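# Structural overview
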Amino acid sequence: MTDFEDSQEFAQTLDRNDSLASYREQFIFPKEKNGYSPVYLCGNSLGLQPKLAAEFVQDELRNWADYAVDGHFHSERPWLSYHRRATAGFAELTGARPLEVVAMNTLTVNLHILMASFYKPTETRFKIVIESQAFPSDRYAAASQLRMHGFNPESALLEWTPRPGETQLHTEDLAALIESEGDNIALLLLPGVQYYTGQVLDMAAICELAGAAGCAVGLDLAHAVGNVDLELHEWAPDFAAWCTYKYLNSGPGSIAGAFVHEKHFASDKLNQLHGWWGHDEATRFKMSTTFTPAEGAELWQMSNPPILALAPVIASLKIFQEVGLAALIEKSTSLTAYLEWLLEQRFEGRIGSITPKDSRGCQLSLVVNDSQISARGLFEKLYQRNVTGDWREPDVIRVAPVPLYNSYSDVFELAQRLSEAFP
Ligand SMILES: *Cc1c(COP(=O)(O)O)cnc(C)c1O
């Protein structure tokens, strides 16, 4: 990995030796623009469309046409159990047992549904910990949960903050916060990968700290799932949730995932927000007045799921299961290292990264240290040159070479277009 070269031929050679290179053909790239081919490095925000997605959606449109209501029970992939087609893929990607995961709703909705069960404040233990740069939706969700229970977020929403002048979060600082707030904390709601900096947090340590302090812990895996190794069953957070339109390439607003640890399944102390899809399937259609709980995480389902929004998730997970996360992570490590190396070679610190080298997935969060051009100015020039990264206020350009469909040549092309755009 230290023997990189700054040349197109070298990038092409790496592509030829890449055993995952052919997966690129299974995805649809945006169009050429201003004479530039697309360099799509935004899979951390919206993953590209797998060609298989259209086929899976068409199948269900056809089943709806051909079977109408019988599609629930009698089509090739009956809708009654359609969500279960995501179970094995979700379990593999998150290191969960199949019973612990379920495809349902969207991410923020799942955070609320899971907090309804796992945020159980008492008069003395009621505070929620988030990180200070938390994705706005997570912050709003946590603050509104506090308000729903009669607490004031001003004092009851605690923040794990980077040290002055730094952007990284240190686990020791979270430990210190838990130590000082002691028995007041009811819940930690934290990400697996920090969306702005791309830092992978030490999820195992976070879960351990929470457990030792008697707090519940929920992980938001929006930027982690399909990107980094996850061992949810072993780490044992109480719950987790993730969206599927980022690294999981399932389309805008696609159906999300949720995890509830097995240790809670036998509990009679939990409440869920019930609906008929959380009722045991065997007797669901007896339409009884009493509720018989479904087994595992499916108990948290409420409605029959939107099949057309679930179809691309099933298509996409099929690809992930075929490739395997380990192979993806291996390529991701070298692809991102190549990008980082090229930037260091060419720009010698004028373009830097705030993403920690030793704990990251495929995203680099770039900052510009130059008197001639601002990060925003550079981002605009890249955009004109058909490079899709994304801009995050106040001053970061996020780029994510995704191992499933990005190539070493993409990364080289980014460096080329950065050189062109740089004054
Ligand atoms: C992308 C993302 C969201 C988006 O929430 P939706 O409910 O899917 O709109 C929420 N939280 C985090 C951390 C994210 O990265």
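Since the model is a prediction, treat every value here as computed from it, not as a measurement.

The subject of this paragraph is the pattern of salt bridges. Counted according to the given criterion, the structure contains 24 salt bridges. Between Glu281 and Arg84 there is a salt bridge, and its shortest N-O distance comes to 2.6 Å. Within this pair, whereas Glu281 is found in the loop between strand 10 (257-260) and helix 11 (307-323), its partner Arg84 is found in the loop between helix 3 (71-74) and helix 4 (87-94), the two being separated by 197 residues in sequence. Of the charged contacts in the structure, one is a salt bridge between Glu172 and Arg163, with a shortest N-O distance of 3.4 Å.

With respect to the element layout, Glu413 can be found in helix 14 (residues 408-421). We classify Glu413 as partly exposed; its relative accessible area is 22%. When the C-alpha atoms of Glu413 and Ala21 are compared, they prove to be 16 Å apart, with 392 residues separating the residues in sequence. Leaving out residues up to four positions away in the same chain, Glu413 has contacts with Gln8 and Val39.

Here we come to the nonpolar core. The biggest cluster of nonpolar side chains holds 68 residues, and the ones touching the most others in it are Phe90, Trp160, Leu188, Leu221, Trp242 and Leu404. Looking at this core, the element that brings in the most residues is helix 11, giving 10 residues. Built from parts of two domains, this core gets at least three residues from each of domain 1 (8-50 + 325-421) and domain 2 (78-322). Apart from the residues lying within four places of it in its own chain, the contact partners of Leu188 are Val129, Leu174, Ile178, Ile206, Ala210, Ala216, Val217 and Gly218.

Here the domain parsing of the protein chain yields domain 1 (8-50 + 325-421) and domain 2 (78-322). Inter-centroid distance (C-alpha atoms) of domain 1 to domain 2 is 29 Å. Between domain 1 and domain 2 the total buried area reaches about 2,300 Å² when both faces are included, carbon and sulfur atoms providing 58% of it. At the boundary of domain 1 with domain 2, the tally comes to 0 salt bridges. Listing elements by their share of the side of domain 1 that touches domain 2, those giving two or more residues are helix 12 (325-347) and strand 15 (396-399). Taken together, the residues of the side of domain 1 that touches domain 2 sort by class into 17 nonpolar, 10 polar and 5 charged.

Moving on: the environment of Tyr196. Following the sequence through the fold, Tyr196 ends up in the loop between strand 7 (185-191) and helix 9 (203-213). For Tyr196, a relative accessible area of 8% corresponds to the buried category. With residues up to four places along the chain from it excluded, the contact list for Tyr196 reads Ile354, Gln363, Ser365, Arg392, Glu393, Pro394, Asp395, Val396 and Arg398. Reaching out from Tyr196, the side chain makes a polar contact with the side chain of Asp395 at a distance of 3.1 Å.

Next up on the list: the sheet that holds strand 8 (residues 216-220). Pairing is mixed across the open sheet formed by 7 strands, whose spatial order is 4-10-9-8-7-5-6. Looking at strand neighbours, the two that pair on one side only are strand 4 (101-103) and strand 6 (157-160), the edges of this open sheet. The mean inter-strand angle of the sheet, taken between neighbouring strand axes irrespective of direction, is 20°. Its contacts with the sheet put helix 4 on strand 4, strand 9 (239-242) and strand 10, and the angle it makes with strand 4 is roughly 130°. Here helix 9 sits on the sheet and contacts strand 6, strand 7 and strand 8; the angle it forms with strand 8, its principal contact strand, is near 160°.

Below, the discussion takes up the packing of aromatic side chains. Tallied over the entire structure, the rule returns 20 aromatic pairs. Centroid distance Phe4 to Tyr338: 4.9 Å. Interplanar angle 55°. Geometry classified as tilted. One end of the pair, Phe4, is in the segment before helix 1 (8-16); the other, Tyr338, is in helix 12, and 334 residues separate them in sequence. Judged by its relative accessible area of 11%, Phe4 is buried. By relative accessible area, Tyr338 is classed as buried at 0%. Of the aromatic side chains, those joined through ring pairs into one cluster are Phe4, Phe10, Tyr338, Trp341 and Tyr408. For Arg77, the ring lying beneath its charged end belongs to Phe56, and the centroid distance is 4.3 Å. It is Lys246 that lies over the ring of Phe135; its NZ or CZ is 5.0 Å from the centre.

Take the packing of helix 12 against helix 14 next. Between helix 12 and helix 14, whose axes approach to 10 Å, the crossing angle comes to 20°. The angle between the axes of helix 12 and helix 14 places the two elements in the roughly parallel class. Like other packed secondary-structure pairs, helix 12 and helix 14 cross with a definite hand, here right-handed. For the pair helix 12 and helix 14, contact is made by Lys331, Ser334, Leu335, Tyr338, Leu339, Leu342, Leu343, Arg346 and Phe347 and by Tyr408, Val411, Phe412, Leu414, Ala415, Gln416, Leu418 and Ser419, respectively. Here the contact of helix 12 with helix 14 is composed, by residue class, of 12 nonpolar, 3 polar and 2 charged.

What counts, and where the lines are drawn
Residues numbered from 1 in each chain as written. Predicted model: local features only at pLDDT ≥ 70, side-chain atom pairs only at ≥ 80, totals over all residues. Heavy atoms only, no water. Salt bridge = Lys/Arg side-chain N within 4 Å of Asp/Glu carboxyl O. Helix = DSSP H or I, 4+ residues; strand = E, 2+ residues; numbered from the N terminus. Buried < 20%, exposed > 50% of the residue type's maximum accessible area, 1.4 Å probe, protein only. Contact = heavy atoms within 4.5 Å. Core = buried A, V, L, I, M, F, W, Y, C linked by side-chain atoms within 4.5 Å. Domains from an automatic or database assignment. Buried area = accessible area lost by both parts, 1.4 Å probe. Nonpolar A, V, L, I, M, F, W, Y, C, P; charged D, E, K, R; others polar. Polar contact = N/O pair within 3.5 Å; in protein donor to acceptor, adjacent residues only side chain to side chain. Pairing = 2+ DSSP bridges. Axes fitted to C-alpha atoms, helices over the stretch in contact; angles between N-to-C directions. Phe/Tyr/Trp six-rings, centres within 6.5 Å; stacked < 30°, edge-to-face > 60°. Lys NZ or Arg CZ within 6 Å of the ring centre and 35° of its normal. Parallel < 35°, antiparallel > 145°, perpendicular 65-115°, else oblique. Left-handed = near helix turned anticlockwise from the far one by under 90°.

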